[in-house]
Amino acid sequence: MLSQQNRFLYIDLSSKTISSKEPEETFLRSFPGGRGWALPYLLQNLEPGTDALSPDNILAVTTSVISGARGPAMPRVIVCSKSPLTGSFGESEAGGFWAPELKKAGFGAIFIQGRASHPVYILIRDGQVEIREAGHLWGLETGSAQDSLRQELDDQRVRVLQIGPAGENLVRYAGIVNELAHFNGRNGLGAVMGSKNLKAIAVRGTEEIRVADPERIRSINAWTAKEGLQKPQGATLRRHGTLPLVRSFQEMGALPTRNWTRGTFWGGEEISPENLHETIYIEPKSCFACPIRCKRRARVDNEQYTVDPRFGGPEYETVAALGSVLEIADPYLLAKANELCNRYALDTISLGMTVGWLMEAVERGFLGTEDCDGLEVRFGRGEVLLPLIEKVAHREGIGDKMAEGSLRLARSLGLENEDFLLQVKGQEVPMHDPRVKTGVALQYALSDYGADHLVAVHDFSFATSDSPGITEASGLGIFQPVDPLSLGPEKVRLFYYMDLYWSLVDMLGMCTFGFVPRGPIPVEMMIDLIRAVTGWSVTLWELMKAAERTIHLARLFNLREGFSPADDCLPPRFFTDFKDGPLAGKGGIDPQEFKEAVKLRYEFMGWDVVTGKPRLERLKELNLEDFFGPG
Amino acid sequence: MSSGAEKMGEENLKIWLKDKRGDPDRLPEKIFLPPGSRLLELLEALPLAEGAGYYTIMVNGEIKSRTVELKDGDEITIIHLPVGG
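Nothing here was measured: the structure is a model prediction, and the numbers come from that model. (Residues numbered from 1 in each chain as written. Chains lettered and ligands numbered in written order. Predicted model: local features only at pLDDT ≥ 70, side-chain atom pairs only at ≥ 80, totals over all residues. Heavy atoms only, no water.)

A. The arrangement of the sheet that holds strand β1 (residues 7–12) of chain A in detail. Residue and element names in this part refer to chain A. Across the sheet, six strands lie side by side as β2-β1-β6-β3-β4-β5; this open sheet has mixed pairing. Of all the strands in the sheet, just β2 (17–21) and β5 (89–94) have a single pairing partner and so form its edges. Between one strand axis and the next, the sheet turns by 15° as a mean value, whatever way the strands run. The pairing of β1 with strand β6 (residues 107–113) spans six bridges and is classified as parallel. Bridge pairing in β6 places phenylalanine 8 opposite alanine 109. Running at roughly 30° to β6, helix α3 (residues 35–45) makes contact with β1, β3 (59–62), β4 (77–82), β5 and β6 of the sheet. (Pairing = 2+ DSSP bridges. Helix = DSSP H or I, 4+ residues; strand = E, 2+ residues; numbered from the N terminus. Axes fitted to C-alpha atoms, helices over the stretch in contact; angles between N-to-C directions. Contact = heavy atoms within 4.5 Å.)

As structure tokens, this is what we get:
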């Protein structure tokens, strides 16, 4: 049953060949989805050193063995490739409706190689696959392209996963979007799609997914909708999404502000969840079969701006990246900027951080107005934000350099060694200050695809004996509170376990907001859910091992691309104290403690501390020795 | 609220609360606790809406463990830290 429902589809756009095969169930059990499907294929079929934007790169659009079943918080599509932003293994997940639709159409994953001679889209309808002309869609923003596709297919229910003009123009932080509001935002995977002249993958499936125990899935859904939403995690997500973090970090003094030179923002009240709900938000929206409904939608219709709720609304990461980082406090402008990024399919985090870098470069006199096409690119100058988004998406003027990401932009100007570049492995940092939660510091440094916050342990969940990580996630083996600021062995252990756990959640196309400690569903219920879909008598131990396999494979991928332990680092600004607010004069991460913590994590993983290479015996234990290469 | 909120004795600690959750009426401005009280005891005495596990506490502007012993005049900041925090 599982092999049939998870057929792998292979498409070569250069030769226009299409084939498929059923994966073996033993493979599926060792690698149940997502990066677990992508990494073995990439390691076996992608030559080391391949340009991420060349036809030879492979784009893996994947789901998991449980995708498509009507369980809560498991709607995500996982896209993997070599990243054009980082040059490392690249991965990004998105919620929405597309992944379940692909499963209902008969496939678990699509592996795309080559480059079409002209713009095309892929159409998949109930097992039938076509490569179709997309010249009429190329250049269209995402809303118009989706409308046009649905009209020509005469099917309003076709699900469209697509790039916008940013991906077409090979912006290195272009994203991929489904249903206009669900983003594979990070790592620039939209540019990989653009480099293949692939505008969209339209999918329609009518086959219901067969599951082993439908009654158990229904009962878990009912529990989530009733008890789960009464728990603080569920209730907060339903009421405010991720936005309460604006207020929390502002009050703590750790809200990324003015390109991270400050921890408090004068416009904090304007971008608070309460004010955003009063000014721009309408009722929330759900992903496939999920009762939590955490997605925000914005609507604006005033003299200055019109914002269409079809494109969703800014959530915490965007509000901080385009708001406090740039000192822009106008909720209507933030809603419009978010909509514009979604129309062009641009990652708002990397965009905001690249604009932030430029603003600081100007403020500190490294660049002038003349270097920025005459725009006054300074903190608080909201009027430059929309023009800069236009320039980046279309690679016009300064936007052409900004489209390369902050690291390449800084390098092109000889400024890469200045202290205001905040990236890891080429990817701009997300909006969580590692100086107040050191598990995030470890994640930023050690993530295989550059600075990332989704598989990080967010330390406050384990800070005290009554924190949800301790009281509700004890099945993960952390029984004692861990100090959010420590970098000792207890923190490295916590990071190690949670890295496995969240990697597992990602790999299965589950949403981190569904499951404890971030979401309401307990670990035991998650395992029950996986058993109910697959019919496997699977255990948490087995699944954590599956996640661990992928971390080693990603490591091997990056090593052969030339990455080394020196790349597992943090931007220098995080080793300095906060300059303002409640944390002024405090907070800088101790470089020696950080170095020791990274080294200990290598040792936990069985990686050589000098070369970073996984030891052969460790790979043998994980049944990965075939991937052990020379060097 | 614990009886400590109403009783003020020479030997008691006076702890100032800065409720930062946009809900200033919920908590008192100050609370009195017996000497030797830890942050844990203070939190148990407060009517926190979602259980203390969902809040991060700063003592005099620093993030502290709940086992820290409080001193007279300490200023407490209570920060609601929801999902992903």
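From this point, the narrative continues.
B. Summary view of the pairing of strand β8 (residues 128–133) of chain A. Residue and element names in this part refer to chain A. In this sheet, β8 lies alongside strand β7 (residues 120–125) in antiparallel orientation, the contact comprising six bridges. In the sheet register, isoleucine 122 faces β8, and the bridge partner there is isoleucine 131. Taking the residues between adjacent antiparallel strands as the criterion, β7 and β8 are bridged by two residues, where aspartate 126 takes a positive phi near 45°.

C. Spatial organisation of unusual backbone geometry. All names here are of chain A. Backbone torsion omega between valine 516 and proline 517 reads 0°, so that peptide bond is classified as cis. At arginine 258, a residue that is not glycine, the phi angle is positive and equals roughly 50°. With respect to the helices, strands and loops of the structure, arginine 258 is situated in the loop between α10 (244–252) and α11 (273–279).

D. Spotlight on helix α18 (residues 438–446) of chain A. Residues and elements named next belong to chain A. Most of α18 sits out of view: nine of its nine residues are buried. For α18, every residue scored as buried is listed here: Thr438, Gly439, Val440, Ala441, Leu442, Gln443, Tyr444, Ala445 and Leu446. Residues of α18 that are buried in the fold lie against β17 (423–424), α20 (489–507) and α23 (591–605). (Buried < 20%, exposed > 50% of the residue type's maximum accessible area, 1.4 Å probe, protein only.)

E. Focus on the nonpolar core. All names here are of chain A. Core analysis: the largest hydrophobic core is formed by 181 residues, its most contacted members being Met252, Leu346, Trp357, Ile389, Tyr501 and Met510. Examining the composition of this core, we find that 11 residues originate from one element, α20, more than from any other. Ignoring anything within four residues of it in the chain, the contact list for tryptophan 357 reads Asn259, Leu367, Ser406, Leu409, Ala410, Leu413, Leu415, Phe420 and Leu421. Listed in part, the 29 residues of the second largest apolar core include Ile11, Val61, Trp98 and Leu102. (Core = buried A, V, L, I, M, F, W, Y, C linked by side-chain atoms within 4.5 Å.)

F. Highlighting the interface of chain B and chain A. Taken together, the 20 residues of chain B in the interface contact 27 residues of chain A. Taken together, the links from chain B to chain A amount to one salt bridge. Taking the shortest distance from any N to any O, the salt bridge between arginine 66 of chain B and aspartate 466 of chain A comes out at 3.1 Å. For the pair chain B and chain A, the interface holds two residue pairs in polar contact (both at pLDDT 80 or more). Elements with a contribution of two residues or more to the side of chain B that touches chain A: β3 (55–59), β4 (62–63) and β5 (75–80) of chain B. Residue classes in the side of chain B that touches chain A are distributed as eight nonpolar, seven polar and five charged. (Salt bridge = Lys/Arg side-chain N within 4 Å of Asp/Glu carboxyl O. Polar contact = N/O pair within 3.5 Å; in protein donor to acceptor, adjacent residues only side chain to side chain. Nonpolar A, V, L, I, M, F, W, Y, C, P; charged D, E, K, R; others polar.)

G. Up close: the packing of aromatic side chains. All names here are of chain A. With the rule as written, the count across this model stands at 19 aromatic pairs over all chains. Pairing phenylalanine 8 with phenylalanine 27 gives two aromatic rings, centres 6.2 Å apart and planes at 85°, and the pair type is edge-to-face. Of this pair, phenylalanine 8 sits in strand β1 while phenylalanine 27 is found in helix α2 (residues 25–30), placing the two residues 19 residues apart along the sequence. Within the aromatic cluster, the residues linked to one another by ring pairs are Phe8, Tyr10, Phe27, Phe31, Trp37, Tyr41 and Phe111. The ring centre of phenylalanine 578 lies 3.9 Å from the NZ or CZ of arginine 435, which sits over that ring. Taking the ring centre of tryptophan 502 as reference, the NZ or CZ of arginine 518 above it sits at 4.3 Å. (Phe/Tyr/Trp six-rings, centres within 6.5 Å; stacked < 30°, edge-to-face > 60°. Lys NZ or Arg CZ within 6 Å of the ring centre and 35° of its normal.)

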